[in-house]
Each structure stands twice: as structure tokens, then as C-alpha cells.
Amino acid sequence: MRVFTALFPMSLALAVASGAFAQDAELGQKVFNKCKACHVADQETNRVGPSLKGVIGRTAGTYAGYSYSPAMKEAGEGGLVWNDESLTNYLRKPKDVVPKTKMAFAGLKTDEDIANVIAYLKQFSQNQ
Ligand code: HEC
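No experiment lies behind these values; they were computed from the predicted model shown.

**Digging into the side chain of His-39**
Then, in step 1: You can see His-39 is positioned in the loop between α1 (2–31) and α2 (70–77).
Then, in step 2: Within the local environment of His-39, its side chain forms a polar contact with the backbone oxygen of Pro-50, the two atoms lying 2.8 Å apart.

Right under this line is the structure:
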């Protein structure tokens, strides 16, 4: 009985914590379907767009072996680093953040989709 009462609150806390994380990234994986035509996140492979593996904490326009637009390279030289804030702005409306980006994507409509897809990308990045 003593074991049960000791373990119960702990397992409850764990279930809540892991449940919340799985849900975000899981929903984010579905949102990522919209990016898949041009990006992979789980491998070091460039498609139409650069690999998004390790994109959190990366300076914009610096993934080796990918041919960025001059605009994206300049944004990186100007100090643009991909984190929660900059990704949120970029994914809402890419051309607001990098006006001449060659990423032909209008943007995600809801903050929820944006937060979830960032949670998904974090799974493949070390510098969260
Ligand atoms: C139609 C193709 C296309 C789609 C769809 C697309 N992207 Fe992109 N993305 C690109 C291209 C091309 C670039 C390179 C932009 C440049 O050089 O100006 C890019 C660049 C990026 C970058 C900057 C990466 C870096 O290394 O600086 C991020 C972050 C990004 N995309 C995230 C996303 C996410 C998340 C989605 C889905 C919500 C998405 N993109 C949808 C084509 C696309």
C-alpha cells in the first residue's frame, strides 16, 4: 500500500508531461505535411528547400550544400537565427521576414499550427 501511494502521484505527473509533449509534436507532424513537398526534417537531405534537421539555433541561410537565395544569405549575415520567435514570424508570413526569399509558401494560418510544427522540428534539433 505504501508503495502504491508513493508511486501514484509520480506516474500521474509523468503521464501529463509526456502526453502534452507527444501531442504537440504529433500534431506538428501533420502540419509538416505542408512542408514535405520541399523539406525533410529527419535527414540531412536537401530538396527544393534545405534540410530542416538541426534548424533550431541555425543561422539563416547557412546549411552546407544548399543554394540559398541572396536574400536568405543576407538575412543570416544580418543576424537572423532560427528560434521560436523568428520561426513563428517566418512561418506566419515568410515574405514579411525575408522579403525576397525563394520559399514559395504563403504561410501557416494559425498560431497553433505554427507552435506545433516548431515542436516537431525541435525533435530533430539539438540546440532548442
Ligand atoms: C514550395 C516549397 C516550400 C514549402 C512548401 C516550404 N518551404 Fe521552407 N523553404 C523553401 C525554400 C526554397 C527555402 C530556401 C529559401 C531561400 O533561400 O530564400 C526554404 C527555407 C526555409 C527555412 C530557412 C532554412 C534555413 O536554413 O535558413 C525554414 C526554417 C523553412 N523553410 C521552414 C519551412 C516550414 C516549417 C514549412 C512548412 C510549414 C516550409 N518551410 C514550407 C521551400 C519551401
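**Considering the layout of surface pockets**
If you roll a probe as big as a water molecule over the atoms, it shows you where there is empty space left.
Then, in step 1: Of the volumes computed, that of the largest pocket is approximately 550 Å³.
Then, in step 2: Surrounding the largest pocket, 29 residues form its lining, His-39, Pro-50, Leu-52, Tyr-90 and Met-103 being those nearest its centre.
Then, in step 3: Listed by contribution, the elements that provide at least two residues to the lining of the largest pocket are α3 (84–92) and α5 (111–122).
Then, in step 4: Considering each element in turn, the lining of the largest pocket owes the most residues, 3 residues, to α3.

**Description of the packing of aromatic side chains**
Then, in step 1: Tallying each qualifying case throughout the model produces 4 aromatic pairs.
Then, in step 2: A ring pair is formed by Tyr-66 and Tyr-68, whose centres lie 4.7 Å apart and whose planes are at 75°; its orientation type is edge-to-face. A single burial state applies to Tyr-66 and to Tyr-68, both of which are buried.
Then, in step 3: With centroids separated by 4.8 Å and ring planes inclined at 50°, the aromatic side chains of Trp-82 and Tyr-90 adopt a geometry described as tilted. Comparing Trp-82 with Tyr-90, the two get one shared label, buried.
Then, in step 4: One aromatic cluster is present, built from ring pairs that chain together Phe-32, Tyr-120 and Phe-124.

**Some remarks on the site of the ligand**
Then, in step 1: Within the structure, the ligand sits among 25 residues, and Cys-35, Cys-38, His-39, Ser-69 and Met-103 are positioned closest to it.
Then, in step 2: One of the side-chain nitrogen or oxygen atoms of Ser-69 is found 2.5 Å away from an oxygen atom of the ligand.
Then, in step 3: Between an oxygen atom of the ligand and a side-chain N or O atom of Thr-101, the distance comes to 2.8 Å.
Then, in step 4: Mapping the ligand onto the cavity grids shows that it belongs to the largest pocket.

**A short note on α3**
Then, in step 1: Those residues of α3 that sit buried are Ser-86, Leu-87, Tyr-90 and Leu-91. Considered in projection along α3, the buried side chains sweep an arc of 120° and stay on one side of the axis.
Then, in step 2: Those residues of α3 that are buried are in contact with α2, α4 (94–97) and α5.
Then, in step 3: At the N-terminal boundary of α3, the capping side chain belongs to Asn-83, with an oxygen 3.1 Å from the backbone nitrogen of Glu-85.

**Thoughts on the pattern of salt bridges**
Then, in step 1: Applying the stated criterion across every chain, the model contains 3 salt bridges.
Then, in step 2: Two residues, Glu-44 and Lys-53, come together in a salt bridge whose shortest N-O distance is 3.8 Å.
Then, in step 3: Relative accessible area serves as the criterion here: at 53%, Glu-44 is assigned to the exposed category.
Then, in step 4: On the basis of relative accessibility, which here comes to 30%, the residue Lys-53 falls in the partly exposed class.
Then, in step 5: Residue Asp-84 is joined to Lys-122 by a salt bridge in which the shortest nitrogen-to-oxygen separation is 3.1 Å. Placement of Asp-84 in helix α3 and of Lys-122 in helix α5 is noted, with a sequence separation of 38 residues between them.
Then, in step 6: Judged by relative accessible area, Asp-84 falls into the partly exposed class, the value being 38%.
Then, in step 7: For Lys-122, a relative accessible area of 19% translates into the label buried.

About the criteria used
- Residues numbered from 1 in each chain as written.
- Predicted model: local features only at pLDDT ≥ 70, side-chain atom pairs only at ≥ 80, totals over all residues.
- Heavy atoms only, no water.
- Helix = DSSP H or I, 4+ residues; strand = E, 2+ residues; numbered from the N terminus.
- Polar contact = N/O pair within 3.5 Å; in protein donor to acceptor, adjacent residues only side chain to side chain.
- 1 Å grid on protein atoms, 1.4 Å probe; cavity = no way out; pocket = protein on both sides within 12 Å on 5 of 7 lines; lining within 4 Å.
- Points joined across faces, edges and corners; volume = space filled by probe spheres on them.
- Phe/Tyr/Trp six-rings, centres within 6.5 Å; stacked < 30°, edge-to-face > 60°.
- Buried < 20%, exposed > 50% of the residue type's maximum accessible area, 1.4 Å probe, protein only.
- Near = heavy atom within 4 Å.
- Sits in = over half its atoms within 2 Å of the grid points.
- Arc of directions from axis to C-beta.
- Contact = heavy atoms within 4.5 Å.
- Salt bridge = Lys/Arg side-chain N within 4 Å of Asp/Glu carboxyl O.

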